[in-house]
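Structural features, examined
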Amino acid sequence: MEIQLELNLKQKLATRLATLLLATLIFASFCWDNAAASLTLGAVVALLLRNPTFVFALVMTCSRDVMALQRFLALNIYLLRRDRRGCTVARCFQEQAKSCPQKTCFLMENRSLSFAEALELSQKIAGYFKDQGLQRGDCVALLMETRLEYPCIWLGLSQLGVITALINSNLRGESLLHSIKVANAKAIIVGSELLDVLKSLREKEQLQAVPIYQYTDEELRGLPGHDLLPGAVDLGSALRNQKILELPSSKSPEEARSKLLYVYTSGTTGLPKAAVITNLRFLFMSAGAFYMLRMTSSDVVYNPLPLYHTAGGIVGVGNAILNGSTVVLRKKFSARNFWLDCQRHSCTVAQYIGELCRYLLATPYSPDQQQHSLRLMYGNGLRPQIWSQFVRRFGIPHIGEIYGATEGNSNLINITNRVGAIGFVPVYGSRTLSRASPSLRRANGCQPGQAGLLVGKVDARRAVSAFHGYADKGASEQKLLRNVFSKGDVFFNSGDSVVRDILGYFYFKDRTGDTFRWRGENVATQEVEAIITNCIGLEDCVVYGVQIPHVEGKAGMAAIVDPGRKVDMDYLSIVLRGSLPPYARPLFIRLLDEIPRTATFKLKKRELAQEGYDIRTLADPIYYLNRDGIYRTLSQEQYESLRLGKAGL
C-alpha cells in the first residue's frame, strides 16, 4: 500500500493545463466583456496554478465528498429529531418492536428472540428491578458472556433510567473489583458461567454488601458449576411470573442526553476506566455506521464480537435495536465457523476487528469460504498489509473501516474501499491533526505525510462532537487538550498517531504514550507493572510493547530489575494468570541488573522497547510465555519461529 503524498510532474502539468483550459472557457463564455470579472478570474486562476495539489485533490474527491455529505446530513437529521423528541434507546427499540413484532431480532446458534419477545423480556426486567427499589441514576454491573438476553437486560434497566456497567468478562481480581466499584454499582447481574470469578471476590469479603442476581440458561440448570450462588437471587426464575412494565407515554427532552451505559476502556491510569455512554451517544455510534455505510433494515448482521465492548455491544447490537435488522450473535469468535455461520444464517453484513481478519486468513483455504451473501464487512483495525489479500481471498465487495474511541469524538469512517485508510476529511475541512511540542501548548496542523496526534474539537451541543468522558471526572479532564489551535479551544486527545495523504485520507500509525494494542485490546502498562511489582517484592519493573514480525499490534514485554536472578518464574506465571486477562499478560519477561533512568529518576522504556527480545544481541535472560501459561527461557527455536511468523500468535 502506497500513500500518495505529492503529485508527480505529469500530474502537476495536467492539472495546471486543465485549470487553464477551464479558465479560458469561463472567460470566453462569461467574462470577456467585463473587466472586474476578468480580473477576479485571473486572480483565482493564479492562485490555483500555484497550488495544483489542492486542485487535483478537490477534483479527485468531489464525488466522494458529495456522497459523504448526503449520508452525513441524513445522519444528523436523524439525531436531531431523536434529540428534540427526547428519544431514548429504549423508546427507539419499542418503536421497532411494535413495527415488526414477529421478525427475528437476535439469533444465536439454535435459539432466537423475535422483536416482540425481546421487548417483553426487557419490560419484565424493568418491572422486576423497579420492584427491587432501583431508581433513575442507580447503576447495575452486568457480568456475563454473550447470550440472547444480554442486550435485553440493559435495555430493561434503561427504561428505569438505571445505568448498566458492561463488565469485561475476562477481568479477574483487582481489575474486576475496581470496575464494579468505580461504577458505584448498587447490584450485580452475573451469568452462571462466571460464578467462580465472583466467588473469589465474595470470599475475600469485598462484595458482601452488593446484591447479586444470577442468570442461568435453562439448559444449564442443575449442571455442576451452575448452582445458585449462596445469597444470590435466581433472576431467571423470578422473571417467569413477572408482569411487564411499559414505558410511560410522557417524555422529557433531557432523556436523550441521560446516561445509558458504562463501557470500560483501558487508559493511562492503568485500571479500566468507565466511559460514559449517553442515549444520544449510543444513537450516534450505531446509527452512524448504519447511515454512512448504507445498511438497511433487511440486512442480517453477523456479530461475533463480545457484547461488553463498543463494537459488538453498541455498533453491532444497535443494528437490531435502532434499525430493525436481524443480528446474529456468537458466544466466542471461531475462525473455522465464521463463514459457515454467515452461510447458515444468510448474513449480508459482518463485523470484524483487525485480529479477527488475520485469524481468518490463517485458516486453510477452501472454495466454500466465498459461498456467502456478504456485501459488506465493517469494523476497525484491518491492517493495510493484509487488506487486499483478505478482500480477494474471501470475495468481500465492500470494506467499511471505522475509527473511533469508546469515549472519544475523533470519529472517522472509510466509505470508499480505500485500502488501508481509516477514514477521511475533505481537503477543505477542519484541522484534526496537531504536530505539537511535548507540552502541547503550541500546535500546527500537519502536512501530508507528517505523523500527528489525532484530536477532535469538543462541542457539547452536537452528538457527533460531544465528549462525555468517564465516571471519574479527573480521568475525563486528562483526555482533553486546551489551547491547541487557538486560545480557549478544547480538543479530545485520541492518543493515536496518524498520517494523511493529499486526498484527505487518514492512515493509522501508532498508539502514543504507554498504552499499546494487542489482541484487539488496549493494554495499560501501569496496571501490569503494579501487579508484577507487588509479586516480586516491589522491585523496579517496566512494561512496554514490542513488535513481532507478521503480527498485528504489539506484544507485552516486562523488564524486571533482578541482579541476583531470584524471581520465581513459576510463581509469577500463576499470579499473572490469575490477575490479568490473556491479552494483558506480557509475552516476554527480561531480567536485568538495572533499568536506565532519566535525570528526574523516571524509568526509560524507549531504549528497552527498541532492544526488544533479540536473544542474539542481549545477554540478559529473556523468558517467553508458553501455551501452558508458564514462563520459560526463550529458546533459539522459539525465537526463529517468532521472527518468521510461525509461532502461531
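Up top is the structure.
My aim in this report is to walk through the structure given alongside it, one point at a time.

The rules behind these values
- Residues numbered from 1 in each chain as written.
- Predicted model: local features only at pLDDT ≥ 70, side-chain atom pairs only at ≥ 80, totals over all residues.
- Heavy atoms only, no water.
- Pairing = 2+ DSSP bridges.
- Helix = DSSP H or I, 4+ residues; strand = E, 2+ residues; numbered from the N terminus.
- Axes fitted to C-alpha atoms, helices over the stretch in contact; angles between N-to-C directions.
- Salt bridge = Lys/Arg side-chain N within 4 Å of Asp/Glu carboxyl O.
- Buried < 20%, exposed > 50% of the residue type's maximum accessible area, 1.4 Å probe, protein only.
- Phe/Tyr/Trp six-rings, centres within 6.5 Å; stacked < 30°, edge-to-face > 60°.
- Contact = heavy atoms within 4.5 Å.
- Patch = residues over 30% accessible without salt bridge, like charges linked within 9 Å, V, L, I, M, F, W, Y side chains within 5 Å.
- Areas by Shrake-Rupley, 256 points an atom, 1.4 Å probe, with all protein chains shown as cover.

The next point concerns the sheet that holds strand β14 (residues 399-403). As summarised here, the arrangement of the eight strands in space is β2-β1-β11-β10-β12-β13-β14-β15, forming an open sheet in which the pairing is mixed. Only two strands of the sheet have a single partner each, and these edge strands are β2 (111-114) and β15 (412-414). Geometrically, the sheet is characterised by an average inter-axis angle of 20 degrees between neighbouring strands, direction not taken into account. Bridge analysis of strand β1 (residues 104-108) against β2 gives four bridges, and the strand direction is antiparallel. Across the sheet, Phe-106 pairs through a bridge with Leu-113, a residue of β2.

Inspection of every chain in the model, using the stated rule, returns 24 salt bridges. Among the salt bridges present, the one from Asp-196 reaches Lys-199, with a minimum N-O distance of 4.0 Å. Remark: Lys-199 and Asp-196 occur in helix α9 (residues 195-203); sequence separation between them is three residues, near one turn of the helix. By relative accessible area, which is 34% here, Lys-199 ends up partly exposed. Note that Asp-234 and Arg-221 form a salt bridge whose closest N and O atoms lie 2.7 Å from each other. Of this pair, Asp-234 sits in strand β7 (residues 233-234) while Arg-221 sits in the loop between β6 (212-215) and β7, and the two are 13 residues apart along the sequence.

The strand order across the open sheet built from five strands is β25-β26-β27-β28-β29, with neighbouring strands paired in mixed fashion. Looking along the sheet, the strands with just one partner apiece sit at the ends: β25 (541-547) and β29 (631-633). Adjacent strand axes in the sheet meet at a mean angle of 30 degrees, parallel and antiparallel pairs treated alike. Pairing of strand β28 (residues 622-625) with β29 involves three bridges; the strand directions are antiparallel. Bridging from a neighbouring strand, Tyr-624 pairs with Arg-632 of β29.

Another aspect to go through is the packing of aromatic side chains. Considering all chains together, one arrives at 17 aromatic pairs under this definition. Judged by centre distance (5.1 Å) and plane angle (85 degrees), the rings of Tyr-128 and Phe-129 are edge-to-face. When the centroid spacing of 5.8 Å and the interplanar angle of 75 degrees are considered together, the rings of Phe-290 and Tyr-291 count as edge-to-face. Judged by relative accessible area, which is 12%, Phe-290 ranks as buried. When its relative accessible area of 23% is taken as the criterion, Tyr-291 is described as partly exposed. These aromatic residues form a ring-pair network of at least three members: Tyr-302, Phe-333, Phe-338, Trp-339, Tyr-359, Phe-390 and Phe-394.

By the element assignment, Val-190 lies in strand β5 (residues 187-191). Among the residues examined, Val-190 registers a relative accessible area of 0% and is labelled buried. Distance from Val-190 to Cys-92, taken between C-alpha atoms, is 26 Å for residues 98 residues apart in sequence. Look past the residues within four positions of Val-190 in its chain and what remains in contact with it is Leu-143, Met-144, Leu-195, Leu-198, Ile-212, Tyr-213, Gln-214 and Tyr-215.

Turning to the pairing of β25, a few remarks are in order. The buried count for β25 comes to six of seven residues, which makes it a mostly enclosed element. Pairing geometry for β25 and strand β26 (residues 554-561), over seven bridges, is antiparallel. Residue pairing in the sheet places Val-546 in a bridge with Ala-555 of β26. Where β25 folds back onto β26 in an antiparallel hairpin, the turn is made up of six residues, including His-550, whose phi is positive at roughly 70 degrees.

Moving on, we come to unusual backbone geometry. Phi is positive for Glu-109, close to 55 degrees, though the residue is something other than glycine. By secondary structure assignment, the location of Glu-109 is in the loop between β1 and β2. With relative accessibility at 59%, the residue Glu-109 sits in the exposed group. At Arg-565, a position not held by glycine, the phi torsion is positive, near 50 degrees.

This next bit is on a nonpolar patch on the surface. Together, Leu-22, Leu-25, Ile-26 and Phe-30 make up an exposed nonpolar region whose accessible area comes to about 420 Å². Note on placement: Leu-25 falls in helix α1 (residues 9-31).

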